[in-house]
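Take a look at the letters that make up each chain.
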Amino acid sequence: MGKEALVVCTDESVGIGITIWDMENGNQLLHIPTCSAAPHGLLCLRKQYLVAAQTRKHGSHLNGVIFFWPLNKPQSPVRSYTMEAIGPISCTRSGTYLAGGAPSGNAYVWEVVSGRLLKNWHAHNKLLKSLAFSNDDSLLVTAADDGVICVWSVISEPITALTFSALGLVSASKDLTACIWDISKWAIVRRFTHQKGPITNLVVIPQSTLLGDTSHMRVSDQFHASVLDKCPQPTSSSKDILAFLPSCASAASSGTNLLDQQIEDFEHKTPATLRMKLETSVERRLQAISMAKHVMDINKHLQSCLLDMMRKRFNNGSQKERKGRKLKTQEEK
């Protein structure tokens with residue numbers, strides 16, 4: 001285990017600042033001036049930053065400020081101004097979220113990387129004195145002068161996806177995280193952060209499928225995916241004829257007979273019988289198609305004859321009309 005250092009700060013005066021000592025020999029390692037943190041208002045964030053909620057004048061509820069000091073770089077702190085003075089603060093073990101409490105009883109939760117204020121609400125009716133995250137970062141516990149301890153769920157963004165796995169329930173939300181939950185304890189088992197964007201889909205798969213190891217799979221379990229058709233494809237194979245209904249040229253009785261024939265085929269499932277019935281069905285279908293063509297030819301012939309008769313009648317009528325006009329002209333002369 002590496003050496004540890006002790007960090008101390010007061011809430012009395014800004015000029016006193018922060019002092020850091022070596023815990024083994026008592027030597028002063030570092031002094032940070034101009035800082036006074038409220039009670040429970042100082043913490044170490046991911047072993048990289050010291051964070052302090054700067055105290056304000058007594059009774060002040062406005063113009064709060066939170067300082068971030070990088071431990072590995074000697075530079076000025078990053079100042080974050082809040083809507084009101086912040087007293088106690090706490091962060092998750094992962095450093096993803098920072099929570100703060102105000103004298104008004106309001107609670108605030110920020111996302112540290114983006115600085116975005118995720119949620120603020122009125123948690124207590126009196127001054128908020130202390131707050132802390134649970135070990136799994138799923139809950140925030142707050143305590144105030146009203147003598148009430150409240151437990152809040154950290155999930156502040158809408159849930160975007162859910163699924164189940166052998167480890168438990170898996171959820172995703174718009175805060176770029178996916179969580180595995182132990183439902184019996186209502187605790188987060190593991191948290192994943194997807195920095196590239198919100199998660200909207202969750203699928204649980206066996207890890208063995210990623211390695212391409214299919215030796216343990218039975219032949220019947222192996223599956224092949226084909227390219228999907230864009231449009232319905234016409235079927236021309238004679239082996240699918242039994243699945244078709246009778247053609248339009250067939251009569252209703254023929255359709256009933258064909259259905260009875262198919263039922264009989266299934267009742268006598270011998271290869272020879274099925275082959276014979278298939279040949280008979282094909283022959284009947286060809287006959288029906290031939291009959292339909294014959295009917296269409298007769299229909300065309302009748303239409304042609306009807307058009308000829310109408311043409312002749314029209315011509316005869318025109319000739320009689322012309323003859324009548326000539327006779328009338330001669331009589332007038």
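Bear in mind that the values here come from a model prediction, so they are computed numbers and not experimental data.

**Remarks on the packing of aromatic side chains**
How two aromatic rings sit relative to each other is given by the distance of their centres and the angle of their planes. Applying the stated criterion across every chain yields a total of four aromatic pairs. Taking the centre distance of 6.5 Å and the plane angle of 80° together, the rings of Tyr 49 and Phe 68 count as edge-to-face. In this pair, Tyr 49 is assigned in strand 5 (residues 49-54) and Phe 68 in strand 6 (residues 64-70), connecting sequence segments 19 residues apart. The exposure class assigned to Tyr 49 is partly exposed, which follows from its relative accessible area of 32%. On the numbers, 5.3 Å between centres and 75° between planes, the contact of Phe 67 with Trp 69 is edge-to-face. Of the two residues, Phe 67 and Trp 69, both sit in the buried class. The residue whose ring lies beneath Arg 79 is Phe 67, and the NZ or CZ to ring-centre distance is 5.0 Å.

**So, the pattern of salt bridges**
The final tally for this structure, using the stated rule, is two salt bridges. The shortest N-O distance in the salt bridge between Lys 129 and Asp 145 comes to 3.6 Å. Here Asp 145 lies in the loop between strand 13 (139-144) and strand 14 (149-153) and Lys 129 lies in strand 12 (residues 128-133), a separation of 16 residues in the sequence. Ionic pairing is found between Asp 308 and Arg 311, a salt bridge with its closest N-O pair at 2.8 Å. Of the two residues, Asp 308 and Arg 311 both sit in helix 2 (residues 271-332), three residues apart, roughly one turn of that helix.

**Quick notes on the pairing of strand 2 (residues 18-22)**
Each regular strand shows side chains that alternate between the opposite faces of the sheet. Here strand 2 lies mainly inside the structure; four of its five residues are buried. The sheet contact formed by strand 1 (residues 5-9) and strand 2 spans five bridges and is antiparallel. Counterpart to Ala 5 in the pairing with strand 2 is Asp 22. In this sheet, strand 3 (residues 28-32) lies alongside strand 2 in antiparallel orientation, the contact comprising four bridges.

**A look at unusual backbone geometry**
For His 40, which is not glycine, the phi torsion reads 65° and is therefore positive. By the secondary structure assignment, His 40 is in strand 4 (residues 37-45). His 40 gets classed as exposed once you look at its relative accessible area, which sits at 53%. You will see that Arg 46, though not glycine, has its phi angle at about 55°, which is positive. Looking at the secondary structure, you find Arg 46 in the loop between strand 4 and strand 5.

So, how was this worked out
- Counting restarts for each chain: residues are numbered from 1 in the order of the written sequence.
- Residues qualify for local features only when their pLDDT is at least 70, as the model is predicted, and side-chain atom pairs are given and counted only at 80 or more; totals for whole chains, interfaces and linings, by contrast, use all residues.
- The side-chain numbers reported here are obtained from all heavy atoms of the structure, hydrogens and water having been left aside.
- Two rings from Phe, Tyr or Trp (for Trp, the six-membered ring) form a pair when their centres sit within 6.5 Å of each other. Planes less than 30 degrees apart are called stacked, planes more than 60 degrees apart edge-to-face, and all others tilted.
- Secondary structure is summarised from DSSP: a helix means a run of H or I of at least four residues, a strand means a run of E of at least two, and numbering begins at the N terminus for each.
- Categorising residues by exposure relies on relative accessible area from a 1.4 Å probe, with only protein chains included: less than 20% of the type maximum marks a residue as buried, more than 50% marks it as exposed, and the intermediate range marks it as partly exposed.
- Criterion for a charge above a ring: Arg CZ or Lys NZ at most 6 Å from the ring centre, at most 35 degrees from the ring normal.
- In what follows, salt bridge is the name for a side-chain nitrogen of Lys or Arg lying within 4 Å of a carboxyl oxygen of Asp or Glu.
- DSSP-based pairing: two strands are paired if at least 2 bridges between them are found.

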